[in-house]
Amino acid sequence: MTDSITTRIREIIAEQAMLEPDQVTDDSTPSDLGIDSLGLVESIFALEEEFDISIPFNANEPEKSDFDISNMGTIIAAVRRLVAEKAA
Amino acid sequence: MSGKKQGRKKSAGLPAAPERAAPAVSHPSGGGQRRVVITGAGTINALGHDVDTTLAAFREGRCGITALDFRDVDRLSIQIGAQVHDWRAEDYFNRQQILLYDKFTQFTLLAARQAVAQSGLNFEGALGLRSGVVLGTAGGGLNTWDDNYRAVYEEGKNRVHPFVVPKLMNNAAASHVSMEYGLRGPAFTVATACASSNHAMGLAFQMVRSGAAQVMLTGGSEAMLCFGGVKAWEGLRVMSRDACRPFSANRNGMVQGEGAGVFVFEDYDHARARGAEILAEVAGFAMSSDAQDIVMPSAQGAERAITGAMRDAGINPDQVGYINAHGTGTAANDKTECAAVAHAFGHHADRLMISSTKSMHGHLIGGTGAVELLACIMALRDGIIAPTIGYQEPDPECALDVVPNEAREARVGAVLSNAFAFGGLNAVIALRRA
């Protein structure tokens, strides 16, 4: 599914990773994209600012967050869910 | 593309430097140097307003972390901290002083008064000329910044109190200590984030050891628990919402604290000549820089400071019985610190004790090493090792004796206190029994 939200998420992550948006594929992990822990926190901040959402994420236990950062696909799905919840 | 990103990208791509080859000793050991002892200690922190109450809390494994109580706390996502409760500045300072002293200065002066009183020193005359003060803080007068930004930005005021600058400056506490006691020698403030106090105390030690000063008041202070101070830390997403559990597999971040610790570091011959009670000997100090990442710690950098401090003190690893850990309770610090200790001590790592008292008094950032030095003195003097409380689940990456949950009796002859700051700046102090 590619719409404006998904496109914007890819652009934000791409900017952080210093890549082109089309290089940010669904199966790529943050580490594949060269995004370290600080870069991840920065990306999450950028997503929160863009969509005016609050993303639950503790860098000490990323696996326990409701926000699944396994790969771009899960990140996009999680952001879309938060955006939808905010609109509801 | 911002310069910041370029910088990070570039540093991440650098090959690992051959770190262990370089000497970590910050001060060459040699003949003719003076011995340095601690003859006074003072503190205020979430566990108590003096040393005795704080040490009692260490023995009991009492936690000073509570719900935060200050303006706009409801707008924070992190609402716990090791806050100093029942603080009434008017009990210690007059109205004019309160107008001039930020809370970090107030905490410092209270701790300094306790330390100087215990030492029995009088700095009038020649001693004041040969004495100084070096203190650590990261945020300085952060409450003053916060209050006055509010006034001009939020409330739209166009005027601030005339003392805003002298109140917020990071050297305010050191200057007021020097004025209160007439310390006319070296006086300055060190800001190296979470290692500030250890750097300050290390420099004070070096100055007394070299003869540059006869007595130094040293330690550090922090008063960052206000809306802006905690909000800034929230951004990094390394803070726990519920507890500080260093070394525990289920740890989920650090918890901020506030307060101060101040010590009297004195030339041993001077202390002995006047019959002073000696709390411990400061035996060695080393500092190192990771030169690697602005937030992620390096085990090699930490290890170089640890081994450097032992070498500077002339103690062998197997003589160290206790380490007060940096132990922030973050995923990254605790496993990195344990790896550094394991590597620095080899087989002896399984025999020594290492605990993080941040589980009780929180992370005092620039003041933390000073309060933690109290646990080191307690270990040497009283033979009681402060515990790591909140410990629930073993972590294979922190497989050391972390003195879980309960204090322990043990006779130790030498101890270390670790501090590893954001920015990759490491400072380790070695103490031995007097």
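Structure shown above.
S.K.: I'm lost on the overall build of chain B in this one. Help?
M.R.: Scanning chain B for helices and strands turns up 15 helices and 14 strands. Oriented by its inertia axes, the alpha-carbon framework of chain B measures out at about 60 × 55 × 45 Å. Here chain B holds 434 residues, and the buried ones make up 57% of them. Here the analysis covers contacts within chain B between residues at least 6 apart in sequence; of these, 81% occur between residues at least 24 apart.

S.K.: Honestly, the overall build of chain A in this entry has me stumped. Any pointers?
M.R.: Along chain A, the regular secondary structure elements total three helices and zero strands. If you list the helices and strands of chain A from N to C, you get α-α-α. Against the compact-globule benchmark of 12 Å for 88 residues, chain A has a radius of gyration of 12 Å, which places it among compact chains. Going through the 88 residues of chain A one by one, you find that 27% of them count as buried. Long-range contacts, defined here as pairs at least 24 residues apart, represent 49% of the contacts in chain A between residues at least 6 apart.

S.K.: Teacher, can you tell me more about helix 2 (residues 37-51) of chain A here?
M.R.: The α-helix winds at 3.6 residues per turn, so residues separated by three or four positions along the chain end up facing the same way. All names here are of chain A. Under the 1.5 Å per step criterion, the end-to-end length of helix 2 is 21 Å for 15 residues, consistent within 8% with the ideal 21 Å. Every buried residue belonging to helix 2 is among G39, L40, S43, I44 and L47, and all of these are buried. Buried residues in helix 2, looked at end-on, bunch into an arc of 140°, giving them a common side. On its buried face, helix 2 is in contact with helix 1 (4-17) and helix 3 (72-87).

S.K.: Help me out: how do you make sense of the interface of chain A and chain B in this one?
M.R.: A common way to report how large an interface is uses the accessible area buried once the components associate. Taken together, the contact pairs 10 residues of chain A with 14 residues of chain B. Counted by class, the side of chain A that touches chain B contains five nonpolar, three polar and two charged residues.

S.K.: In this structure, what is going on with the environment of L99 of chain B? I would like to understand it.
M.R.: Its location among the elements puts L99 of chain B in helix 3 (residues 95-100). Considered as a pair, L99 of chain B and K167 of chain B are 68 residues apart in the sequence and their alpha carbons are 8.2 Å apart.

S.K.: Teacher, can you tell me more about the sheet that holds strand 13 (residues 414-421) of chain B here?
M.R.: Adjacent strands of a sheet form backbone hydrogen bonds with each other and so pair up, either parallel or antiparallel. Residue and element names in this part refer to chain B. Taken together, 10 strands build an open sheet; the order of strands is 5-4-6-7-1-8-14-13-9-10 and the sheet is mixed. Of all strands in the sheet, those bounded by a partner on one side alone are strand 5 (187-190) and strand 10 (353-355). Adjacent strand axes in the sheet meet at a mean angle of 25°, parallel and antiparallel pairs treated alike. Pairing of strand 13 with strand 14 (residues 425-432) involves eight bridges; the strand directions are antiparallel.

S.K.: For this particular structure, what's the right way to read the nonpolar core?
M.R.: Ranked by size, the top nonpolar core spans 135 residues in total, and within it F265, A309, V415 and A430 of chain B carry the most contacts. The element contributing the most residues to this core is helix 15 (residues 368-382) of chain B, with 10 residues. If sequence neighbours within four positions are ignored, V415 of chain B has contacts with V320, G321, Y322, I323, N324, C376, A379, L380 and L431 of chain B. Ranked by size, the runner-up nonpolar core spans 17 residues in total, among them I9, I44, L47 and M72 of chain A.

S.K.: Before we go on, may I ask you to explain the packing of helix 1 of chain A against helix 2 of chain A in this structure?
M.R.: Axis angle and axis distance: for two packed helices, these are the angle between their axes and the distance between the axes, and together they describe the pair. Residues and elements named next belong to chain A. Packing of helix 1 against helix 2 brings their axes to within 10 Å, and their N-to-C directions diverge by 145°. The hand of the helix 1/helix 2 crossing is right-handed. Contact residues: helix 1 offers R8, I9, I12, I13 and Q16, while helix 2 offers G39, E42, S43, A46, L47 and E50. For the contact of helix 1 with helix 2, a count of residues per class yields five nonpolar, three polar and three charged.

Rules behind the numbers
- Positions within a chain are numbered from 1, following the residues in the order the chain's sequence is written.
- Starting at A for chains and at 1 for ligands, labels are handed out in the order in which the entities are written.
- This being a predicted model, a pLDDT of at least 70 is required before a residue's local features are given, and a value of 80 or more before pairs of side-chain atoms are given or counted; all residues contribute to the totals for chains, interfaces and linings.
- Going along the chain from the N terminus, every DSSP run of H or I of four or more residues is numbered as a helix, and every run of E of two or more is numbered as a strand.
- Here a residue counts as buried when 20 or more other C-beta atoms sit within 10 Å of its C-beta, as exposed when there are 12 or fewer, and as partly exposed otherwise, the C-beta atoms being derived from the backbone.
- For the purpose of contact definition, each residue receives a C-beta atom placed from its backbone, and two residues are in contact when these atoms lie within 7 Å.
- What the globule rule says is 2.2 Å times the number of residues to the power 0.38, and the radius of gyration is computed from C-alpha atoms.
- Multiplying one less than the number of residues by 1.5 Å gives the expected span of a helix.
- Along the arc lie the directions from the helix axis toward the C-beta atoms.
- Ten residue types, Ala, Val, Leu, Ile, Met, Phe, Trp, Tyr, Cys and Pro, are classed as nonpolar, four, Asp, Glu, Lys and Arg, as charged, and the remainder, Gly among them, as polar.
- Here a strand pair is declared whenever DSSP counts at least two bridges between the two strands.
- Axis definition: a line fit to C-alpha positions, over the contact stretch in the case of helices; interaxial angles, taken between N-to-C directions, run 0 to 180 degrees.
- A set of buried Ala, Val, Leu, Ile, Met, Phe, Trp, Tyr and Cys residues, joined to one another through C-beta atoms within 7 Å, is what we call a nonpolar core.
- Note on convention: near helix rotated counterclockwise from far helix by under a right angle means a left-handed crossing. Clockwise means right-handed.

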